[in-house]
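Residue-level structure breakdown
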Amino acid sequence: MAVSAARTVGSFLGKCGNCSSSLNTVTSKLSRQVLSRQIYVSSALHRKNLAAEGPEKYTMEFIQKQVEEFNIGKRQLANMMGEDPETFTQEDIDRCIAYLFPSSLFEKRARPLMKHPDEIFPKQKAVQWGEDRRPFHFLFYTGKQSYYSLMHELHSKIQNIEKHEDRLRAKGLFSKDTKKISLGASRWILKEELEGLLVETISEHNYNRFIQLMERLLSMHYCFTEEEFVLRFRQHLEVQSSKQMVPSVQRDDRGVAFSTAEGRRKSSNSSVVVRDCGSGRITINSHDYLYYFPGLQEREQLMFPLQFKDMLGRFDLECTVSGGGKSSQAGALRLAISRALLSFLSEGEVENMRQAGLLTFDPRVRERKKPGQEGARRKFTWKKR
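The paragraphs below set out a description of the structure included in this document. (Residues numbered from 1 in each chain as written. Predicted model: local features only at pLDDT ≥ 70, side-chain atom pairs only at ≥ 80, totals over all residues. Heavy atoms only, no water.)

1. Things to note about the nonpolar core
- Of all hydrophobic cores here, the largest spans 30 residues; its most connected members are Ile-284 and Leu-317.
- Sorting the residues of this core by element identifies strand S4 (257-265), strand S5 (268-275), strand S6 (282-284), helix H10 (289-292), helix H11 (296-308), strand S8 (316-322), helix H12 (326-341) and helix H13 (347-355) as the ones contributing at least two each.
- No other element matches the six residues that H12 contributes to this core.
- Counting residues in each nonpolar core, the second largest holds 26 residues, with Tyr-147, Ile-189, Ile-202 and Val-230 among its members. (Core = buried A, V, L, I, M, F, W, Y, C linked by side-chain atoms within 4.5 Å. Buried < 20%, exposed > 50% of the residue type's maximum accessible area, 1.4 Å probe, protein only. Helix = DSSP H or I, 4+ residues; strand = E, 2+ residues; numbered from the N terminus.)

Okay, structure coming up:
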């Protein structure tokens, strides 16, 4: 009995051993199959979190390389257009790009362009912490280090001026008749311009607070001591009326004052002679303007400068015009008449005419046809079959 029982147990254990070895073999085969098979993983797991990394950083070597490539491309573009590369400006580049790559896209930012890398790549701050990972400036953790540094500097300048005025009052030397900062034709820099100067983004509230402090500084009697600091944040405005070429008044053999001017509109060119002390007679190419312009709209364009300054019937106009159609000829004559009238107007009246748009050249022309299209904007009819 004992022997048979031992044999039974032995055979059972032997069978179990065989089962365990077969299980180990199956497990090893499955593991080899899993390892050899390519497991699919979503691409989202490999995608970088660009927002967590922050804005892309551009090294000085990268910017320098982009500048060299821009200069090479600028020279090649100038040679292609038959112009001098040394005098090839950014305006010439924009004009050539618009000619070589005409685009009917309404959004200008989507059109092809070629700009200097300094205009494309944003300015970047230098490293603001040392090797020990400690920031250099005590305002680093405010998030707007440059802005608050500027505000601290501005506030300290206001305090210094107040202390200087208090010292003068104590000595009895304070005077209200002091020199003022000559702002002239200038304005405060805009919020976007200040952000570019600070290389930081600021809110509208922060910008308004900065302007308030600057106005407070200007209201102080001894603000001229900080004139250089104030002018750093003023943008000079060019007076457009001073750019207008005012023709000088001439006199003929009879002593009658007259003035001449020229105007353009599309492909029309015109010249006008305005004679003072006239009867309001207007001739165009030796024809009466009523005969030359049968349409009411062209007549209104012609008479608008005289009507605007209430000078109807005072001048005699001798007009010459060529090229283009009736509409463009009327626009060219209107510009020429407006320029000729400047000789008989004061400075303030010239500014009023400029603000009314009478002295501004209209650059609009007929848009060219685009290749692959039926017209300038119109596309070919799409057919499925």
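2. A few points about the pairing of S4
- In this sheet, S4 lies alongside strand S3 (residues 250-251) in antiparallel orientation, the contact comprising two bridges. Among the inter-strand pairings, Arg-251 is bridged to a residue of S4, identified as Ala-257.
- The hairpin turn running from S3 into S4, its antiparallel successor, is five residues long, and Gly-255 in that turn takes a positive phi close to 85 degrees.
- For S4 and S5, the ladder comprises eight bridges, and the chain directions are antiparallel. Within S5, the residue paired with Phe-258 across the bridge is Arg-275.
- Two successive antiparallel strands, S4 and S5, enclose a turn made up of two residues, where Lys-266 displays a positive phi of approximately 55 degrees. (Pairing = 2+ DSSP bridges.)

3. Re unusual backbone geometry
- We note that Val-199 has phi near 55 degrees; this positive angle belongs to a residue other than glycine.
- Take Val-199: its relative accessible area is 30%, and that puts it in the partly exposed class.
- Even without a glycine there, the phi angle at Ser-286 is positive, about 65 degrees.
- Looking at the element boundaries, Ser-286 is found in the loop between S6 and strand S7 (287-288).

4. Side note on the packing of aromatic side chains
- For the structure shown, the criterion picks out eight aromatic pairs.
- Taken together, a centroid distance of 5.1 Å and an interplanar angle of 80 degrees make the contact between Tyr-292 and Phe-293 edge-to-face. With respect to class, Tyr-292 is no different from Phe-293; both count as buried.
- Between Phe-304 and Phe-308, the ring centres sit 6.0 Å apart and the planes meet at 40 degrees, which makes this aromatic pair tilted. Taken as a pair, Phe-304 and Phe-308 lie in helix H11 at a separation of four residues, close to a single helical turn.
- Its relative accessible area of 30% is what places Phe-304 among the partly exposed residues.
- Given the relative accessible area of 34%, Phe-308 is considered partly exposed. (Phe/Tyr/Trp six-rings, centres within 6.5 Å; stacked < 30°, edge-to-face > 60°.)

5. A word on the pattern of salt bridges
- Taken as a whole and assessed by the stated rule, the structure comprises 21 salt bridges.
- With its nearest N and O atoms 3.1 Å apart, the salt bridge here joins Glu-367 to Arg-377. Of this pair, Glu-367 sits in the segment after H13 while Arg-377 sits in the segment after H13, and the two are 10 residues apart along the sequence.
- Exposure remark for Arg-377: the relative accessible area of 47% places this residue in the partly exposed category.
- Residues joined by salt bridges that share partners form a network here, namely Asp-252, Arg-254, Arg-275 and Glu-318. (Salt bridge = Lys/Arg side-chain N within 4 Å of Asp/Glu carboxyl O.)

6. Considerations on the packing of helix H3 (residues 60-80) against helix H4 (residues 90-100)
- Relative to each other, H3 and H4 sit at 65 degrees, their axes nearing to 11 Å. Relative to H4, the element H3 lies roughly perpendicular. As for how H3 packs across H4, the hand of that crossing is left-handed. Packed against H3, whose contacting residues are Phe-70, Lys-74, Leu-77 and Met-80, the element H4 presents Gln-90, Ile-93, Cys-96, Ile-97 and Leu-100 at the interface.
- The residue makeup of the contact of H3 with H4, split by class, is seven nonpolar, one polar and one charged. (Axes fitted to C-alpha atoms, helices over the stretch in contact; angles between N-to-C directions. Parallel < 35°, antiparallel > 145°, perpendicular 65-115°, else oblique. Left-handed = near helix turned anticlockwise from the far one by under 90°. Contact = heavy atoms within 4.5 Å. Nonpolar A, V, L, I, M, F, W, Y, C, P; charged D, E, K, R; others polar.)

By themselves these figures say nothing about function.
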